[in-house]
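Commentary on secondary and tertiary structure
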Amino acid sequence: MICNIPCRITQRQLAAAVDSIGFAGKYDFLYAPRARGGSSPSIGYSFINMKCIEDVPVFVEAMTGYTFEGTFSKKKCMVKRARIQGLEGNADQFPSNRLRRNRWNTPLTGKLGAEGEASRLPQGQEPP
């Protein structure tokens, strides 16, 4: 779980930031919840699942203290252990069709590429 994300940062911007610090292709789930009504791109935290457990401590070190350029926010990211772990657990907790999410608020799942692009899998389908 990534905390202290500026609220103006979108899920795509977050994916690009994670990719830029060396984790492109190393995660299979990323979701930044939005406030009800969509008043801002995010509510300041997100959920990420690393594919390989060995990448977790390296990711925590790299993302802790990260600041987003181009914002007026002084927030520094912090990484915490989320209550729910794993791709399947996160996908079950945050299904793509829950609450009629729009395309800007759908969790990124499956094969995440170097540019943060994701295949959005139909609910219940496992990544290849």
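Residues numbered from 1 in each chain as written. Predicted model: local features only at pLDDT ≥ 70, side-chain atom pairs only at ≥ 80, totals over all residues. Heavy atoms only, no water.

**Here's the deal with the overall build of the protein chain**
Per the secondary structure count, the protein chain includes three helices and five strands. Across the protein chain, helices and strands are ordered from the amino to the carboxyl terminus as β-α-β-β-α-β-α-β. (Helix = DSSP H or I, 4+ residues; strand = E, 2+ residues; numbered from the N terminus.)

**Quick look at the nonpolar core**
Counting residues in hydrophobic clusters, the biggest one holds 18 residues, and the most contacted among them are Ile2, Leu14, Ile48, Phe59, Met63 and Phe68. Contributions of two or more residues to this core are made by helix H1 (11–23), strand S2 (27–31), strand S3 (45–50) and helix H2 (55–63). With five residues, H1 is the single largest residue contributor to this core. Setting aside residues no more than four positions away along its own chain, Phe68 makes contact with Ile5, Pro6, Ile9, Gln13, Leu14, Ala17, Met63 and Cys77. (Core = buried A, V, L, I, M, F, W, Y, C linked by side-chain atoms within 4.5 Å. Buried < 20%, exposed > 50% of the residue type's maximum accessible area, 1.4 Å probe, protein only. Contact = heavy atoms within 4.5 Å.)

**What to know about the state of the cysteines**
Within the structure shown, the criterion is met by zero disulfides. Between Cys77, a free cysteine, and Cys3, which holds the nearest cysteine sulfur, the sulfur-to-sulfur gap is 8.8 Å. (Disulfide = S-S within 2.5 Å.)

**What to know about the packing of H1 against H2**
Where H1 meets H2, the axes come as close as 10 Å, and the angle between the chain directions of the two elements is 110 degrees. Judged by the inter-axis angle, H1 sits roughly perpendicular to H2. Relative to H2, H1 is oriented so that their crossing is right-handed. On H2, the residues touching Leu14, Val18, Ile21 and Phe23 of H1 are Asp55, Val58, Phe59, Ala62 and Met63. Residue composition of the contact of H1 with H2, by class: eight nonpolar, no polar and one charged. (Axes fitted to C-alpha atoms, helices over the stretch in contact; angles between N-to-C directions. Parallel < 35°, antiparallel > 145°, perpendicular 65-115°, else oblique. Left-handed = near helix turned anticlockwise from the far one by under 90°. Nonpolar A, V, L, I, M, F, W, Y, C, P; charged D, E, K, R; others polar.)

**A closer look at the environment of Asp19**
By secondary structure assignment, the location of Asp19 is in helix H1. At 2.8 Å, the side chain of Asp19 forms a polar contact with the side chain of Tyr27. (Polar contact = N/O pair within 3.5 Å; in protein donor to acceptor, adjacent residues only side chain to side chain.)

**Describing the pairing of S2**
Of all five residues making up S2, five are buried, and the element is well covered by its neighbours. Note: S2 against S3, four bridges, orientation antiparallel. Note that in S3 the partner of Leu30 across the bridge is Ile48. (Pairing = 2+ DSSP bridges.)

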